[in-house]
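Topology and contacts: notes
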Amino acid sequence: MPRLIATQSHVVHGYVGNKAATFPLQCLGWDVDCCNTVQFSNHTGYGMDKVFGSITDHETMKKLLSGLFRNFPHDYDGLLSGYLPNKDCVEVVGSHYTNYKKSNPKSIWLMDPVMGDEGKMYVNDDVIPEYRKLALSGIVDIITPNQFELEILCGEKISSKEDLKSALKSLHQSIPVIIVTSCDAKIFDDEGFIYCVASMRDKDAIIYRIPQIQSYFTGVGDLFSALLLDRIHKLLISDKESDLKFEEQVNEVITVVQKVLHVTRSFASKATVAKMGVVEGMKEMELRIIESKDLYGFS
Ligand code: ADP
Ligand code: MG
Ligand code: MG
């Protein structure tokens, strides 16, 4: 059974971060070791005045990760990193994952550089150089930025398909697989659709056009990266590896995520769907991770 360490947020109530990633990965046969970078009562979509809990301080993170990698020096087939709340945390997770990868080159590190969206940062700017260092290190296998995060990593604004191509090319010097989970509507100019771009080093990028569901969801990116790590891991351990397969694996991840969003929406009341995104409706738009249990295994 493959084993993975997942370092990202934890909420007591609801499904984001490790709560969104763990059950789907377990359904897919993974042993999931969770290292929680924060522990909050619920996700921040409820409004900050309704969130309680704390950030795991970097000394604790350091102890946890160094202890784990000392006790289990070769146990992890996958390393997942998601929301890291500050610079120290990025540094600590980055250095421990890097060391693990150096002595276990076959393990796969998927780094979701969670920094912000649509022009807004949700962590402090000082994480940027840390993430850039990791992106350039040649150690990370897969990254899953949205367009805003991709722009931050490259230090260039992306306003056209050509810009996007050159951003991917420059990051591919150090990262083999890049999935831009959503691009700015401006680039593709196609209202009502999300564009996801999957790119493998030295290959043409694949563009996925996804019908946008008109609701506000949380934890979707975390579900996406978890499923993607599983699919890429299967790709890499299979001996029948091909381009087509990469394309299909990403397609399946997108398809499953869409299905989970539809399940989630089907549980929401009409009133919530009509009011989409407002705080009172948040609880009902939390991903229905458990109810979607039959969807993760792919056909
Ligand atoms: P992030 O939170 O990192 O910005 P994205 O917005 O890029 O994440 O979404 C990640 C993926 O989740 C997208 O590639 C898409 O497949 C799916 N997704 C997210 N929101 C929606 C939505 N409203 N409708 C359809 N798919 C969505
Ligand atoms: Mg987004
Ligand atoms: Mg994301």
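Please refer to the structure higher up on the page.
The present account deals with the structure reproduced in this document.

About the cut-offs
- The residue count restarts for each chain, going from 1 along the sequence in the order it is written.
- By the order in which they are written, chains take letters starting at A while ligands take numbers starting at 1.
- Two thresholds apply to this predicted model, a pLDDT of at least 70 for residue-level local features and 80 or more for giving and counting side-chain atom pairs, whereas whole-chain, interface and lining totals are computed over all residues.
- Calculated side-chain values reflect all of the structure's heavy atoms, with hydrogen atoms and water omitted.
- A helix here means a DSSP run of H or I that spans at least four residues, while a strand means a run of E at least two residues long, and both kinds are numbered starting from the N terminus.
- Using C-alpha atoms as the atom set, the radius of gyration is obtained and then compared with a globule rule of 2.2 Å times the number of residues to the power 0.38.
- Any residue under 20% of the maximum accessible area for its type is buried, any over 50% is exposed, and the rest in between are partly exposed; the area is computed with a 1.4 Å probe on protein chains only.
- Two residues form a contact once any of their heavy atoms are found within 4.5 Å.
- Positive residues here are Lys and Arg, negative ones are Asp and Glu, while His and the chain termini are left out of the count.
- Charged side chains are reduced to one point each, which is NZ for Lys, CZ for Arg, CG for Asp and CD for Glu.
- For two strands to be treated as a pair, DSSP must find at least two bridges joining them.
- We define proximity as follows: a residue is near a molecule or strand when any one of its heavy atoms falls within 4 Å of that partner.
- Polar contact criterion, stated in full: a pair of N or O atoms within 3.5 Å, where within protein one must be able to donate a hydrogen and the other to accept it, and residues adjacent in sequence count only if both atoms are side-chain atoms.
- Per-residue and other accessible areas were derived by the Shrake-Rupley procedure at a 1.4 Å probe size, with only the shown protein chains allowed to occlude residues.
- As a working rule, the residues Ala, Val, Leu, Ile, Met, Phe, Trp, Tyr, Cys and Pro are called nonpolar, Asp, Glu, Lys and Arg charged, and the rest polar, with Gly in that last group.
- To define a nonpolar core, start from buried Ala, Val, Leu, Ile, Met, Phe, Trp, Tyr and Cys residues and group those joined through side-chain atoms within 4.5 Å.
- Only C-alpha atoms enter the line fits that serve as axes; for helices the fit covers just the stretch in contact. Angles between N-to-C directions range over 0 to 180 degrees.
- Working definition: roughly parallel below 35 degrees, roughly antiparallel above 145 degrees, roughly perpendicular at 65 to 115 degrees, and oblique for all remaining angles.
- Note on convention: near helix rotated counterclockwise from far helix by under a right angle means a left-handed crossing. Clockwise means right-handed.
- Each aromatic pair joins two rings of Phe, Tyr and Trp (for Trp, the six-membered one) with centres within 6.5 Å, and gets the label stacked for planes under 30 degrees apart, edge-to-face for over 60, and tilted for any other angle.
- Every helix has an expected span of 1.5 Å times one less than the residues it contains.
- The directions from the helix axis to the C-beta atoms are what the arc is built from.

Another point: the overall build of the protein chain. Per the secondary structure count, the protein chain includes ten helices and eleven strands. Scaling as 2.2 N^0.38, a compact globule of 299 residues should have a C-alpha radius of gyration of about 19 Å, and the protein chain matches this with 18 Å. The C-alpha extent of the protein chain, read off along each of the three principal axes, is 55 × 45 × 40 Å. Residue burial in the protein chain is summarised as follows: out of 299 residues, 52% are buried. In the protein chain, the proportion of contacts linking residues at least 24 apart, taken out of those at least 6 apart, comes to 69%. Positive and negative charge centroids in the protein chain, built from 32 and 40 side chains respectively, lie 2 Å apart.

This part covers the environment of Val-123. Structurally, Val-123 can be placed in the loop between β7 (120-121) and α4 (127-136). In this structure the C-alpha to C-alpha distance between Val-123 and Gly-155, which are 32 residues apart in sequence, comes to 17 Å. Those residues in contact with Val-123 that lie beyond four places of it in its chain are Tyr-83, Leu-84, Pro-85, Val-114 and Met-115.

Let's shift gears to the pairing of strand β11 (residues 206-211). The two faces of β11 differ: Ile-206, Tyr-208 and Ile-210 on one face are buried, but Ile-207, Arg-209 and Pro-211 on the other face are not. If you look at the hairpin formed by strand β10 (residues 193-200) and β11, you'll find five residues sitting between the two strands, and Asp-202 has a positive phi there, around 65°.

Before going further, it helps to examine the site of ligand 1. Neighbouring ligand 1 are 15 residues, the closest being Asp-117, Asn-146, Thr-181, Ser-182 and Ile-213. With respect to ligand 1, the side chain of Ser-182 contributes an N or O atom lying 2.6 Å from an oxygen atom. Interatomic distance of 2.8 Å between a backbone N/O atom of Ile-213 and a nitrogen atom of ligand 1. Starting from 550 Å² of accessible surface for ligand 1 in isolation, the protein chains cover 85%. With three residues, helix α9 (residues 243-267) is the single largest residue contributor to the shell around ligand 1. When grouped by side-chain class, the residues that make up the shell around ligand 1 number eight nonpolar, six polar and one charged.

By size, the foremost hydrophobic cluster in this structure holds 44 residues, and its most contacted members are Ile-179, Leu-228 and Phe-246. Elements with a minimum of two residues in this core: β1 (3-11), α1 (17-27), β5 (108-111), β9 (177-180), β10, β11, α8 (220-237) and α9. Looking at this core, the element that brings in the most residues is α8, giving nine residues. If sequence neighbours within four positions are ignored, Leu-228 has contacts with Leu-110, Ile-142, Thr-144, Ile-179, Val-250 and Val-253.

So, on to unusual backbone geometry. Positive phi, normally seen in glycine, also occurs at Glu-118, with a value near 45°. Phi angles above zero are rare outside glycine, and Asp-189 is one such case at about 50°.

Turning to the sheet that holds strand β4 (residues 78-81), a few remarks are in order. Here we have nine strands laid out as an open sheet, ordered β3-β2-β1-β4-β5-β8-β9-β10-β11, and mixed in their pairing. Unpaired on one side and paired on the other, β3 (53-55) and β11 mark the two borders of the sheet. The sheet contact formed by β5 and strand β8 (residues 142-143) spans two bridges and is parallel. When the bridges of β8 are listed, Leu-110 appears paired with Ile-142. Docked against the sheet, α1 engages β1 and β2 (31-40), running at close to 145° with respect to β1. Seen against the sheet, α8 touches β1, β4, β5, β8, β9 and β10 and runs at an angle of roughly 155° to β5.

Turning our eyes to something else, we now look at the packing of helix α5 (residues 147-154) against helix α6 (residues 161-172). It is the contact of α5 with α6, at a shortest axis distance of 10 Å, that shows an interaxial angle of 55°. One finds that α5 runs oblique with respect to α6. You can see that α5 and α6 cross each other, and the crossing is left-handed. Here α5 contributes Leu-150, Leu-153 and Cys-154 to the contact with α6, which in turn contributes Leu-164, Ala-167 and Leu-171. A breakdown of the residues in the contact of α5 with α6 according to their chemical character gives six nonpolar, no polar and no charged.

The next point concerns the packing of aromatic side chains. All told, the structure shown has seven aromatic pairs when counted by the stated rule. Aromatic pair Tyr-76 and Tyr-100: ring centres 5.9 Å apart, planes at 65°, arrangement edge-to-face. In this pair, Tyr-76 sits in the loop between α2 (58-71) and β4 while Tyr-100 sits in helix α3 (residues 87-103), placing the two residues 24 residues apart along the sequence. Looking at Tyr-76, the relative accessible area reads 3%, which means it is buried.

Here we take up α6. For α6, built from twelve residues, the straight-helix expectation of 16 Å at 1.5 Å per residue is met to within 8% by its first-to-last C-alpha distance of 16 Å. Along α6, the residues classified as buried are Leu-164, Ala-167, Leu-168, Leu-171 and His-172. One side of α6 carries all its buried residues, which in axial view fall inside an arc of 130°. Residues of α6 that are exposed and point more than 90 degrees away from the buried face comprise Glu-162, Lys-165 and Lys-169. Where α6 is buried, its residues contact α4, β8, α5, β9, α7 (185-188) and β10.

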